[in-house]
Amino acid sequence: MALAHSPDGTSPHAPVAAPGHELALVTPRRAPAPPVTELAVVVVNFCQWKNTARLVRQLRRAAVVRTGAAHIQIIDNGSPAHPLADRVARLRGVSVRRYDANLGFAAAVNRGCRQSAGPWVLLLNPDITVPDGFLDDVLGRAARGDLPADVGVVGFRLLNRDGSPQPSTGPFPSLGRTLAGLCLPRARRKCQVNNRTVESPVEWATGGCLLVRRECFEQLNGLDESFFLYYEDVDFCRRAAASGWQVRYDPALQVTHHWPLHARRVPPPLRLVTRHALLTYTRRHWSGWQARLLSSAVWVEAGARHLWAKARGETDAAHCFDQMRRLVEDVAAGREHEAAERIRFAASFLHPIAAEQDGRTS
């Protein structure tokens, strides 16, 4: 009869350890768990692959990218083919999604957020310069224990190329502030320099460098895609505040923003786009008579610019300002399809405007 156990109590088939050594049991290896993404970085590229590639290199100098806690999502808005696109796409911790047409900033951001994961989303413009380890610091600020759960949006400190503070927050636009802003330098019309040295509440912060809690982003269904470019950040912060979320400014982290709108020339197609954004915002958030009054002012502006361009023989500019005047009429009448067609017309001229800043950051 076979013994079920040997005299020393072990199974007859069990390996026996050599004298003076412990028996090492071999257990099957488990595959390591995939890293959990805590921060999604969304960068919308439009004809600025040199700037985007430079920014990606800077972002990847953070430990959270190497460990997988942060992932960089690039959304290309119909830029021409560029060899840097494939090079960036091959980098670890980076994904690139390219579209054939310019979807607009808001629509591109929304797609970038849907294609990424993590409880926090950081929006960054390609013409931003960040210090080494910036994403480590961002995630550290987001994960700290004293951050209230109702903080949905956080803006950081922006600097100009010369190191001076750049306007990056402000009060919500009103009719009075908008009209009064016409008497101010362009840098101070929409937003202001925030000189606070501690984290504090603000009404809105610029989308060029904006940290958003994903729960807040999803509750508001992302950015309003009625905005093609500009004012979508102001609108989002206003809707966030109305839904009970806090919007804060945190000067503990800072980046350099090289080409804000107020530091660039505004060609006619870009002016058409920015005026559309302002008119869209006023229809969303101002009373009817205030929106109509501003629409009238923009209509007069478009007519005056049209006549001036025509007198100077600037045919393309004159045509664009005529489109701008018709755009005002479409927005005022709620003809969104016609307004969108005029925006697509203007967007077809934006390639060289965006490309002139490419490769000029450091």
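Just so it is clear, the structure is predicted and the values come from calculations on it, not from any experiment.

Reading the values: the criteria
- Residues numbered from 1 in each chain as written.
- Predicted model: local features only at pLDDT ≥ 70, side-chain atom pairs only at ≥ 80, totals over all residues.
- Heavy atoms only, no water.
- Buried < 20%, exposed > 50% of the residue type's maximum accessible area, 1.4 Å probe, protein only.
- Helix = DSSP H or I, 4+ residues; strand = E, 2+ residues; numbered from the N terminus.
- Arc of directions from axis to C-beta.
- Phe/Tyr/Trp six-rings, centres within 6.5 Å; stacked < 30°, edge-to-face > 60°.
- Pairing = 2+ DSSP bridges.
- Contact = heavy atoms within 4.5 Å.

## Digging into helix 5 (residues 134–143)
Among the residues of helix 5, F134, L135, V138, L139 and A142 are the ones counted as buried. The arc that holds the buried residues of helix 5, viewed along the axis, is 130°, so those residues lie on one side.

## Quick notes on the packing of aromatic side chains
The final tally for this structure, using the stated rule, is four aromatic pairs. Ring centres of F217 and F236 lie 5.8 Å apart, and the angle between their planes is 40°; on these two criteria the pair is classed as tilted. On the criterion of sequence distance, the pair formed by F217 in helix 7 (residues 214–219) and F236 in helix 8 (residues 232–242) is long-range, its members being 19 residues apart. Assessed through its relative accessible area of 7%, F217 is described here as buried. When the ring of F345 is compared with that of F349, the centres are 5.2 Å apart and the planes differ by 70°; the resulting orientation is edge-to-face.

## Comments concerning the pairing of strand 6 (residues 151–159)
With eight of nine residues buried, strand 6 lies mostly within the body of the structure. Looking at chain direction, strand 6 and strand 10 (residues 209–213) are connected through three bridges and run antiparallel. Bridged to G155 within strand 10 is L210.

## Remarks on the side chain of H306
Relative to the elements of secondary structure, H306 occurs in helix 10 (residues 288–311). H306 gets classed as buried once you look at its relative accessible area, which sits at 13%. Setting aside residues up to four positions removed in sequence, H306 forms contacts with A318, F321, D322 and R325.

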